[in-house]
Amino acid sequence: MALVIRHAFRPIITTQYPEERLVPSKRIRAPQLVWEEERCTVCATCAKACPQGNITIVSESLPGNKYGMKHLEIDHGRCMFCGLCVEACPFDAIHLGRDYEQATYRRSQLVLTRDEVRLSEKRKASGYFRPRFEAEMPPQTLLVYGEKKGK
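Nothing here was measured: the structure is a model prediction, and the numbers come from that model.

1. Observations regarding the overall build of the protein
Here is step 1 of the chain: If you tally the helices and strands in the protein, you get 5 helices and 5 strands.
Here is step 2 of the chain: Shown N-terminal to C-terminal, the secondary structure of the protein runs as helices and strands in the order α-β-α-β-β-α-β-β-α-α.
Here is step 3 of the chain: Computed over the C-alpha atoms, the radius of gyration of the protein is 20 Å, more than 25% above the 15 Å expected from 2.2 N^0.38 for a compact globule of 151 residues.
Here is step 4 of the chain: Taken along its principal axes, the extent of the C-alpha atoms in the protein is 75 × 35 × 25 Å.
Here is step 5 of the chain: A buried classification covers 30% of the 151 residues belonging to the protein.
Here is step 6 of the chain: The contacts of the protein with a sequence gap of at least 6 include a subset with a gap of at least 24, amounting to 75%.
Here is step 7 of the chain: For the protein, the exposed area adds up to about 10400 Å²; of that, 55% sits on carbon and sulfur atoms.
Here is step 8 of the chain: Averaged over its 24 positive side-chain charges, the protein has a centre that lies 4 Å from the centre of its 18 negative ones.

Written as structure tokens, this is what we have:
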């Protein structure tokens, strides 16, 4: 009986998903790739590092001995999110993201183009080993400790 009474006065830690969503940790490495166009030099190191060949990059020659991105395609449906592309990029242009929900109804929606993987307000990079992204992330929902922030 004492156990029942003790648990009756504990804070509620259950969330009503999907209506109520958790704020993930700042160091989450969610199954999502985020591409930062300004840093990318189209070297295609990420495509070479991908063990399954899920990244397709087509470059074009620009005036001034420079290269531009003509086509970028990432197949999230076949990606195992090993992070080798992230680690291989010498210019820190590709990151793992924050969004942990990647379910879709169609397989074709998992093949993403450059506009869909670009760093934006909707698609944000994880703060794991990236202090410049970690500083702008909201505090984590600490359901483990029985506290809900923002209520």
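2. Considerations on the nonpolar core
Here is step 1 of the chain: Leu 33, Ile 55, Ile 57, Leu 72, Ile 74, Cys 85 and Ile 94 are the most contacted members of the largest nonpolar core, which totals 19 residues.
Here is step 2 of the chain: Sorting the residues of this core by element identifies β1 (30-35), α2 (45-49), β2 (55-62), β3 (66-75), α3 (84-88) and β4 (94-97) as the ones contributing at least two each.
Here is step 3 of the chain: Broken down by element, this core gets its largest block of residues, 3 residues, from β3.
Here is step 4 of the chain: Apart from residues no more than four positions distant in its own chain, Ile 74 is found in contact with Leu 33, Asn 54, Ile 55, Ile 94, Leu 110, Val 111, Leu 112 and Val 117.

3. Observations regarding the pairing of β2
Here is step 1 of the chain: The pairing of β2 with β3 spans 8 bridges and is antiparallel. For Ser 61, the partnering residue across the bridge sits in β3 and is Tyr 67.

4. Focus: the pairing of β3
Two faces, one strand: in a regular strand the side chains alternate between the faces of the sheet.
Here is step 1 of the chain: Counting the residues between successive antiparallel strands, the hairpin from β2 to β3 contains 3 residues, one of them, Gly 64, with a positive phi of roughly 85 degrees.
Here is step 2 of the chain: The pairing of β3 with strand β5 (residues 111-113) spans 3 bridges and is antiparallel. Opposite Asp 75, over in β5, you have Val 111 as the bridge partner.

5. A look at the state of the cysteines
Here is step 1 of the chain: Across all of its chains, the model carries 0 disulfides by this definition.
Here is step 2 of the chain: With no disulfide of its own, Cys 40 lies 6.4 Å from the sulfur of Cys 43, the closest cysteine sulfur.
Here is step 3 of the chain: With relative accessibility at 23%, the residue Cys 40 sits in the partly exposed group.
Here is step 4 of the chain: As a non-bridged cysteine, Cys 82 has Cys 85 as the owner of its nearest cysteine sulfur, 6.3 Å distant.
Here is step 5 of the chain: Looking at Cys 82, the relative accessible area reads 39%, which means it is partly exposed.

Cut-off values and rules
- Residues numbered from 1 in each chain as written.
- Predicted model: local features only at pLDDT ≥ 70, side-chain atom pairs only at ≥ 80, totals over all residues.
- Heavy atoms only, no water.
- Helix = DSSP H or I, 4+ residues; strand = E, 2+ residues; numbered from the N terminus.
- Rg over C-alpha atoms; globule rule 2.2 N^0.38 Å.
- Buried < 20%, exposed > 50% of the residue type's maximum accessible area, 1.4 Å probe, protein only.
- Contact = heavy atoms within 4.5 Å.
- Areas by Shrake-Rupley, 256 points an atom, 1.4 Å probe, with all protein chains shown as cover.
- Lys, Arg positive; Asp, Glu negative; His and termini not counted.
- Charge placed at Lys NZ, Arg CZ, Asp CG, Glu CD.
- Core = buried A, V, L, I, M, F, W, Y, C linked by side-chain atoms within 4.5 Å.
- Pairing = 2+ DSSP bridges.
- Disulfide = S-S within 2.5 Å.

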